[in-house]
Amino acid sequence: MQDTTLGAKIAELRKSRGMTQRDLAQKMHVTDKAVSKWERNASRPDIDSITLLAETLGTPVEELLQCANTAASKNTDSIARTLRTVLKSVSLAMGVATVALSSLGMLDAHDGIMFLGIGLTCIGLVALSHAGE
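Bringing helix 2 (residues 21–28) into the picture now. Taken together, the buried positions of helix 2 are Leu 24, Ala 25 and Met 28. In a view along the axis of helix 2, the buried residues occupy a sector of 100°, so they form one face of it. For helix 2, exposure combined with an orientation more than 90 degrees from the buried face picks out Arg 22 and Gln 26. Those residues of helix 2 that are buried lie in contact with helix 1 (6–16), helix 3 (32–39) and helix 4 (50–57). His 29 sits one or two positions beyond helix 2 and adopts a positive phi of about 60°.

Side chains three or four residues apart in an α-helix point the same way, a direct result of the helix having 3.6 residues per turn. Over its 23 residues, helix 6 (residues 109–131) runs 32 Å from end to end, which matches the ideal 33 Å to within 8%, given 1.5 Å per residue. For helix 6, the complete set of buried residues consists of Gly 112, Phe 115, Gly 119, Cys 122 and Val 126. Measuring from the backbone nitrogen of His 110 back to the side-chain oxygen at the start of helix 6 gives 3.2 Å, which picks out Asp 108 as the cap.

Glancing now at the environment of Thr 98. When you line up the elements, Thr 98 lands in helix 5 (residues 61–103). Residue classification places Thr 98 among the buried positions, given a relative accessible area of 11%. Along the sequence, Thr 98 and Asp 108 sit 10 residues apart, while their C-alpha atoms lie 9.7 Å from each other. Once residues within four sequence positions are removed from consideration, Thr 98 is found in contact with Leu 107, Gly 112, Phe 115 and Leu 116.

Using the criterion set out here, one finds 4 salt bridges in the structure. Between Glu 39 and Arg 14 there is a salt bridge; the shortest N-O distance is 2.5 Å. Here the residue Glu 39 occupies a position in helix 3, and Arg 14 occupies one in helix 1, the gap between them amounting to 25 residues. By the burial criterion, Glu 39 is buried, and Arg 14 matches it.

Between two packed helices, what matters for the description is the angle formed by their axes and the separation of those axes. Close contact between helix 2 and helix 3 brings their axes to 8 Å; oriented N to C, the two are set at 110°. Taken together, helix 2 and helix 3 sit at an angle that is classed as roughly perpendicular. Contact residues: helix 2 offers Gln 21, Arg 22, Leu 24, Ala 25 and Met 28, while helix 3 offers Asp 32, Val 35, Ser 36, Trp 38 and Glu 39. Of the residues belonging to the contact of helix 2 with helix 3, the class tally is 5 nonpolar, 2 polar and 3 charged.

Parameters at a glance
- Residues numbered from 1 in each chain as written.
- Predicted model: local features only at pLDDT ≥ 70, side-chain atom pairs only at ≥ 80, totals over all residues.
- Heavy atoms only, no water.
- Buried < 20%, exposed > 50% of the residue type's maximum accessible area, 1.4 Å probe, protein only.
- Helix = DSSP H or I, 4+ residues; strand = E, 2+ residues; numbered from the N terminus.
- Arc of directions from axis to C-beta.
- Contact = heavy atoms within 4.5 Å.
- Expected span 1.5 Å × (residues − 1).
- Polar contact = N/O pair within 3.5 Å; in protein donor to acceptor, adjacent residues only side chain to side chain.
- Salt bridge = Lys/Arg side-chain N within 4 Å of Asp/Glu carboxyl O.
- Axes fitted to C-alpha atoms, helices over the stretch in contact; angles between N-to-C directions.
- Parallel < 35°, antiparallel > 145°, perpendicular 65-115°, else oblique.
- Nonpolar A, V, L, I, M, F, W, Y, C, P; charged D, E, K, R; others polar.

What follows is the structure, given as structure tokens:
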């Protein structure tokens, strides 16, 4: 159940009760297009209607919220991975720029130290992000 999105869970519960999207929409006082969007994860039910949705689908509110939290957690994990990749790329770019510009005689010591400092800071941030896991 943990890998189920909120939309998939709504569709699964609705179908298991023999309801159409229109049936659920009428009970929820929304349009069938709204239910379709929920099931496609294009939007989410209003927080004020979660209790009614859970009652209508015959499931605990916690089960619906767990699906929503799982999706949010996956999104957060994806963002964290992307950020670590960017930080690693910046640190590599700073090292390459320092070596390349230095070998061409186009980099003074102050700028070289600044570039390397930026790179080391990025590596430190990546290390700190892994320490929290």
